[in-house]
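# Coordinates in review
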Amino acid sequence: MDYGDADPFQWDTREDCQVRQILDRIADKWSLLVIALLENRRLRFTELRREIDGVSQRMLTVTLRSLERDGLVKRTVHPVVPPRVEYELTSLGRTLHATIQSLVTWTERHQEEIAAARTAYDAREAEARAAAVTAS
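Going by what an unreviewed UniProt entry lists, the protein chain is known as Transcriptional regulator and is assigned to Streptomyces azureus.

Laid out in structure tokens, this is it:
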């Protein structure tokens, strides 16, 4: 079968695949928000937590450690009492931010179409449920 330029097998779906692991990391909702917030600035943990609605202290800690491990975020501890810790994007993280910004721009551009599709889908599902109840 000819797939043209597209390779349908380019994505390895095995759990141990590096590409899948990286995509899982950067595509989770907390990572995307942290990367977006750190654009062109450094923030302290408490500032990040205050800015990200709904994130727990534990989840933010786990997210920041993972992003640091992946080389996307730099953690700086200032030797003061109490210690001051700041986070910022690395140069690698800044390149990812540009990609994420493209995704955000696409989402903003198409949000009304997506909302209309959701409404239409929900209406079809409600209609199907009503028909099933009537038939039984």
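Still more to cover.
Counted under the stated rule, the structure contains four salt bridges. Here Asp 24 makes a salt bridge to Arg 20, at a shortest N to O gap of 3.9 Å. Of this pair, Asp 24 and Arg 20 both sit in helix α1 (residues 18-26), separated by four residues, roughly a single helical turn. Put simply, Glu 88 and Arg 42 hold a salt bridge, and the shortest N to O gap is 3.1 Å. One end of the pair, Glu 88, is in strand β3 (residues 84-89); the other, Arg 42, is in the loop between α2 (29-37) and β1 (43-44), and 46 residues separate them in sequence. Take Glu 88: its relative accessible area is 16%, and that puts it in the buried class.

Rolling a probe over the atoms, with the probe sized like a water molecule, indicates the empty space that remains. Taken as a whole, the largest pocket holds about 230 Å³ of empty space. What lines the largest pocket is a set of 13 residues, among which Phe 45, Thr 61, Arg 75, Val 85 and Tyr 87 lie closest to the centre. The element that contributes the greatest number of residues to the lining of the largest pocket is helix α4 (residues 57-69), accounting for five residues. Partitioning the lining of the largest pocket into residue classes produces five nonpolar, three polar and five charged. Quantified by volume, the second largest pocket comes out at close to 150 Å³. For the second largest pocket, the full set of lining residues is Gln 18, Gln 21, Ile 22, Arg 25, Ser 66, Arg 69 and Asp 70. Sorting the residues of the lining of the second largest pocket by element identifies α1 and α4 as the ones contributing at least two each. Here the lining of the second largest pocket gets four residues from one element, more than from any other, and that element is α1. Each residue belonging to the lining of the second largest pocket can be placed in one class, and the counts come to one nonpolar, three polar and three charged.

Cut-offs and rules
- Residues numbered from 1 in each chain as written.
- Predicted model: local features only at pLDDT ≥ 70, side-chain atom pairs only at ≥ 80, totals over all residues.
- Heavy atoms only, no water.
- Salt bridge = Lys/Arg side-chain N within 4 Å of Asp/Glu carboxyl O.
- Helix = DSSP H or I, 4+ residues; strand = E, 2+ residues; numbered from the N terminus.
- Buried < 20%, exposed > 50% of the residue type's maximum accessible area, 1.4 Å probe, protein only.
- 1 Å grid on protein atoms, 1.4 Å probe; cavity = no way out; pocket = protein on both sides within 12 Å on 5 of 7 lines; lining within 4 Å.
- Points joined across faces, edges and corners; volume = space filled by probe spheres on them.
- Nonpolar A, V, L, I, M, F, W, Y, C, P; charged D, E, K, R; others polar.

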